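Structural description and commentary
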Amino acid sequence: MPDPVLSIDELTVEFETEDGIVHAVTDVTYDLFPGETLGIVGESGSGKSVSVMTMLGLIPQPPGRVVRGEARYGERDLLKLPKKELRNIRGGEIAMIFQDPMTSLNPVFTIGDQISEAIETHNPDIGDKAAKKRTIELLEVVGVPFAERRVNQYPHEFSGGMRQRAMIAMAIANEPRILIADEPTTALDVTIQAQIVEVMKAAQDETHAATILITHDLGLIAELADRVVVMYAGRVVELAGVYEIFNSPRHPYTVGLMNSLARLDADLEWLDPIPGQPPSMISPPPGCAFHPRCVHSQGRAICRTDIPELRPFGEGGKHVSACHFAEELAAKHVVGALVEDPS
Amino acid sequence: MLTYVIRRLLYSTLVLFAASVLVFWGMNLVTSPIGFLRMQPGYSEQTVQNIADRKHLNDPIYERYGYWVKDVFTNKFGTGTVSDLPIWPDLQRAMGHTLQLIIAAELLAILIAVFIGVYSALRQYSVFDYTATTFSFVGLAMPVFWLALMLQVLFVNIYLWFDVRIFYVASLNSVDPGTGIHFVLDRAQHLALPIIVLAVASIAQYSRFMRASMLEVVNSDYVRTARAKGLDERKVTMRHAFRNALIPLVTLIALNFGALLGGAVVTETVFALDGMGLYFINALNAGDPYPVMAFLMVTAVFVVVFNLIADLAYGWLDPRVRLE
Amino acid sequence: MFALSERSAHPVPDPFTPAVTAGGAVSGADLSHQSGLELKARSQWTYARIRFFRHKLAVASLIVLIIATFIAMFPGLVAPYAFDEFDFEHIVEGPTLEGWHLFGTDQLGRDYLSRVIYGLQTSLWVAFLVASIATVLGTIVGAVAGYYGGVVDNLLMRLVDLILVVPFLAVLLVLSAYLGQGKPWRVGVIVALLAWVGLARIVRGTFLSLREKEFVEAAKAAGAGDMRIMFRHMLPSTVGPIVVTMTLLIAAAILLEAALSFLGFGVQPPTPALGVLIGDGASEGFSSWWLVTFPGIVIVTLALAVNFIGDGLRDALDPQQRVRA
């Protein structure tokens, strides 16, 4: 197996606020391998974006603070890099796409200017004309029609889907090795979402970049992800291949997620949400953070006292879960096949 | 763009027309030239009627309005009711002085306020920020005329104690200011305090607004994108944040013109400057409605022009607005 | 030109509404709930009160304002002399402890401290009058414009824009010159005639957004009449911004009345008002500095206090505008 292109190890980030210290992410560990798409799933506030943004230096410190951990990219630890070097990597080798393309684009500059800016920042010698030419090419890759004309238009003249395509173009402009997409479709209409999924696949084909896809949309994960990280209350609770996550989840939270999905192939009268509320990030529940909402726990004491560690399962240890009683879940067949395993 | 300008010009002309009707009608409600004539000492009823006939003061209001408008264009606002002194020469001279004062004060205020606002936003909660905020609060709480008086007291006493005249406290020029550069310097020395007084209130308001605007922009998503692209902080701040933060300030400056003129009225009174404000106060005190109306119309023209310039500037800065 | 006030993406201030203070977003996790096990329900007003009292400056200002109001309501208790008590043996004397002339005396030997205290009474009275009338007027106009929308809204807002662009002081001066005649309540009414616009704009804004909310639809469906919907259902949600704007209106009114009185077009002597005192004092020359300084300091203190309270109120009632570390 090739070496991971990115390795996050025990990353722990806190925020100091007026109401107390927010433990945004704790002991987050995962790897990203070249060419794959790693999905990160979780609710709002689960910390899925924070790990990634901290790694890129996009979280202001204060009030944020990296307590411990590493983010190894090649030979370097991104968390310890001097600002200038990190800037070089940002937008160049590691690029990011954000959630809301309307507010994520500067309204007073043309789309072309903003994409060209990304190009010229990382290729200072390229010159305006060449940059513009490349910008038009990129817009064509992401499927913006009449690219030559639209390159001179302003963000407000683009529709939502077009704007997101432009953002993707901006991200792949410098042929990144890692592409990070933070809720790329959440702000868009459902029909446009489907289009953007296609655009992302095209972008991946074009750049062969490894992709981190952060979302709470399981449908998107099913379409695009190879492996999935499930996060809850700032911790990784499960990590496995996409088929395993859908077909044989080994953490009660993931089980709850899968059970709560609306399904076309089953005769459901009621949807089955996970009971309870997401936990406070300032004073999370003791022990396993999910225990107040966990049916599987059955009130057993250890769930309330000990934080479960990530333990491997099955062959190859590629499927890990942080639950004291994950084996019991393996015994039950809790979900019908949601995703077909081609093997 | 050109059609936009032409459309605005036409609209502005309409507005001015409406304003003239409003002014004339309004003034007519609260006062009358004949009443003013009658108040003059030593005018017999016969004299009053003579003048009234000559100036059409007994005609119905629409006709009087017509004569007035005609006077505005052909006779440069005509003459005062009593003395037959033409209005325009005095008003024009006063206008020039007021413009010097206002433009200088506003330019100074904008430069300083933008700097303070941006720096406060970038160094939020620093000593500079707190000091600037305090000054803003105090500046907004101070009556303009009081600040003017305090400065007068201060500089007069400096002169009395140290025999050094740094700034003058009254009028536009000394008795014999000389020519060329000496004249300019003399004028500057006289206008320095009034300019400071007018600028203070503007600085207080604009800097707070600029700070807020800058803070909002700096926390916006597109600034985050700019950082994510790998731009260095300076580029992020100046190119992406600053330009966007300036846009609302333009609107504020335009809408602030009214308050600025009010401040000018007060400042000119305290510093005895021969400007529009003093002209206005004197006319109000005298009671003759025609100079007052002339002042109001000139002011209306200024307001309209000012707003037009601000609209154009806004359109230049913010492309979302251009396609109207 | 008149579309300016709607064009800006920000709420653009005019003389009678507050400039936007700092705004900012929390970048960080979502802090919605307690540890999932218990939720304490607190009323909105309790939260507001807690937030207000966190602002030491606002609380201090509140104390100052309460003291000032007390002095204004019972000047006889505090002032050592009557405001028109002549004493020709002590003309234009500087501040001294002798005879409790802490602020000195004026041209007619009247104790200045007492004059200032009575002046404070007049000024505060005018300011509250202005604020009350302007608030009622502005709320009504804003509510009607925001609720009915369409043509009504358009017309009213054009009027508001028109009033906003004219130089306040100039128009006020004209109105005062011909209608004012010096009585404090007349001055108050005249200022209020122009001051309501800022509040109208804000109320209109809130009503416009509230109009789309479900509870209004529900009330309509239940058959409630327009007036009832406006005043019983929508108005309570706008109380916050109204209160904040009203406090800043008071500050602006204090300053405006002082300016008018100073120029001779507001409150006329012998009624003491702070602006009148300064005006009289200014004609006395620059060596008797106390005649101008003390009333001015009182004005500045009042205006500052009211502004701080307004700021504190705004933070307390509209927490999204808070700046976070």
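Of the residues lining the interface, 52 residues belong to chain B; the matching set on chain C comes to 46 residues. At the level of elements, α1 (2–30), α6 (127–141), α7 (144–162), α8 (180–218), α10 (233–255), α11 (257–271), α12 (276–286) and α13 (289–317) of chain B are the ones that each hand at least two residues to the side of chain B that touches chain C. The leading source of residues in the side of chain B that touches chain C is α7(B), at nine residues.

Residues and elements named next belong to chain A. Within the chain, Asp27 stands out as a residue other than glycine whose phi angle is a positive 55 degrees. Position of Asp27 relative to the elements: it lies in strand β2 (residues 20–32). Residue Asp27 is classed as partly exposed on the basis of its 18 C-beta neighbours within 10 Å.

The next point concerns the sheet that holds strand β9 (residues 227–232) of chain A. All names here are of chain A. Read from one edge to the other, the open sheet built from eight strands follows the order β6-β7-β8-β3-β9-β10-β12-β11, with strand pairing classed as mixed. Every interior strand has two partners, whereas the edge strands, β6 (94–97) and β11 (311–313), have only one. Strand-to-strand, the axes of this sheet are offset by a mean angle of 20 degrees, without reference to chain direction. Where β9 meets strand β10 (residues 235–241), six bridges bridge the pair, whose relative direction is antiparallel. Pairing of Met231 across the sheet is with Val236, part of β10. Each of β3 (37–41), β7 (178–182), β8 (210–215) and β9 touches helix α1 (residues 48–55); the most contacted strand, β8, lies at about 140 degrees to it.

Residues and elements named next belong to chain B. Its 15 residues give α11 an end-to-end C-alpha distance of 20 Å, which sits within 8% of 21 Å, the value for a rise of 1.5 Å per residue. Burial analysis of α11 places 14 of its 15 residues in the buried class, the great majority of the element. Remark: Ala272 follows α11 within two positions and exhibits a positive phi of approximately 55 degrees.

In this section: the nonpolar core. One recurring pattern in soluble globular proteins: nonpolar side chains tend to sit buried together. Core analysis: the largest hydrophobic core is formed by 181 residues, its most contacted members being Leu249(C), Ala253(C) and Ala259(C). Here this core gets 20 residues from one element, more than from any other, and that element is helix α10 (residues 226–263) of chain C. Every residue in contact with Ala259(C), bar those within four places of it in the chain, is listed here: Pro143(B), Val144(B), Phe145(B), Val266(B), Leu169(C) and Gly275(C). Grouped together as the second largest cluster of nonpolar side chains are 99 residues, Ile97(A), Ile180(A), Ala210(A) and Ala240(A) included.

Turning our eyes to something else, we now look at the packing of helix α5 (residues 128–141) of chain A against helix α7 (residues 160–172) of chain A. Residue and element names in this part refer to chain A. Packing of α5 against α7 brings their axes to within 9 Å, and their N-to-C directions diverge by 125 degrees. With respect to α7, the element α5 is oriented oblique. Handedness of the α5/α7 crossing: right-handed. On α7, the residues touching Leu138, Leu139 and Val141 of α5 are Ala166, Ala169 and Ile172. When its residues are assigned to classes, the contact of α5 with α7 shows six nonpolar, no polar and no charged.

Successive side chains on a regular strand alternate, one facing one side of the sheet and the next facing the other. Residues and elements named next belong to chain A. Most of β7 sits inside the fold, with five of its five residues counted as buried. Of the two faces of β7, both are covered, the one formed by Ile178, Ile180 and Asp182 as well as the one formed by Leu179 and Ala181. Note that β7 and β8 share five bridges and pair parallel. By the bridge assignment for β8, Asp182 is matched with Ile214. Of the crossover connections in this fold, the one passing from β7 over helix α8 (residues 190–207) to the parallel β8 is right-handed.

Moving on, we get to the sheet that holds β2(A). Residue and element names in this part refer to chain A. A sheet is described by the order of its strands in space; here four strands give the open sequence β2-β1-β4-β5, paired in antiparallel fashion. Looking at strand neighbours, the two that pair on one side only are β2 and β5 (76–77), the edges of this open sheet. Bridge count between strand β1 (residues 6–17) and β2: nine bridges; the pairing is antiparallel. Looking across to β2, one finds that Ser7 is bridged to Asp31. Contacting β1, β2 and β4 (64–73), α1 crosses the sheet at an angle of about 105 degrees to β1.

Residue and element names in this part refer to chain C. Averaged over all residues, the pLDDT of chain C is 74; the fraction at 70 or higher stands at 78%. Considering each helix and strand of chain C separately, the mean pLDDT is smallest for helix α1 (residues 4–7), with a value of 41, and largest for helix α5 (residues 112–148), with 87. Below pLDDT 50 for its whole length, residues 1–41 participates in 117 contacts with residues either more than four positions away or in separate chains. The ipTM value of the predicted complex is 0.82, and its pTM value is 0.80.

Residues and elements named next belong to chain C. The interhelical angle for the contact between α5 and α10, taken along N-to-C directions, is 145 degrees, at an axis separation of 7 Å. With respect to the hand of their crossing, α5 and α10 are arranged in right-handed fashion. Judged by residue contacts, Ser123, Val126, Ala127, Phe128, Val130, Ala131, Ala134, Thr135, Thr139, Ala143 and Tyr147 of α5 engage Asp226, Met230, Ile242, Met246, Leu249, Ile250, Ala253, Ile254, Glu257 and Ala258 from α10. In terms of residue class, the contact of α5 with α10 is built from 16 nonpolar, three polar and two charged.

The rules behind the values
Throughout this description, residue numbers start from 1 for each chain and increase along the sequence as written. As a convention, the first chain written is A and the first ligand written is 1, with the rest following in written order. In view of the model being predicted, local features appear only for residues whose pLDDT reaches at least 70, and side-chain atom pairs are presented and counted only at 80 or more, with totals across whole chains, interfaces and linings using the full set of residues. The contact criterion used here is simple: two residues whose C-beta atoms, placed from the backbone, lie within 7 Å are in contact. For helices the rule is a DSSP run of H or I covering at least 4 residues; for strands it is a run of E covering at least 2, with both sets numbered from the N terminus onward. A residue is called partly exposed when the number of other C-beta atoms within 10 Å of its own lies between 12 and 20, exposed at 12 or fewer, and buried at 20 or more, with C-beta atoms placed from the backbone. Paired strands, as defined in this entry, are two strands with at least two bridges between them according to DSSP. Lines fitted to the C-alpha atoms define the axes, with helices restricted to the stretch that makes contact. Angles between their N-to-C directions range from 0 to 180 degrees. Take the number of residues in a helix, subtract one, and multiply by 1.5 Å to get its expected span. Each nonpolar core reported here comprises buried Ala, Val, Leu, Ile, Met, Phe, Trp, Tyr and Cys residues connected via C-beta atoms within 7 Å. Should an angle fall under 35 degrees it is called roughly parallel, over 145 degrees roughly antiparallel, and 65 to 115 degrees roughly perpendicular, with every other angle called oblique. Helix crossings fall into two classes, left-handed where the near helix is turned counterclockwise from the far one by less than a right angle and right-handed where it is turned clockwise. Lys, Arg, Asp and Glu make up the charged group, whereas Ala, Val, Leu, Ile, Met, Phe, Trp, Tyr, Cys and Pro make up the nonpolar group; the residues left over, Gly among them, are polar. Convention used here: a crossover is right-handed provided that the path from the first strand, over the helix, to the second strand proceeds clockwise when the strands point away from the viewer. Per-residue confidence from the predictor is reported as pLDDT, which spans 0 to 100.

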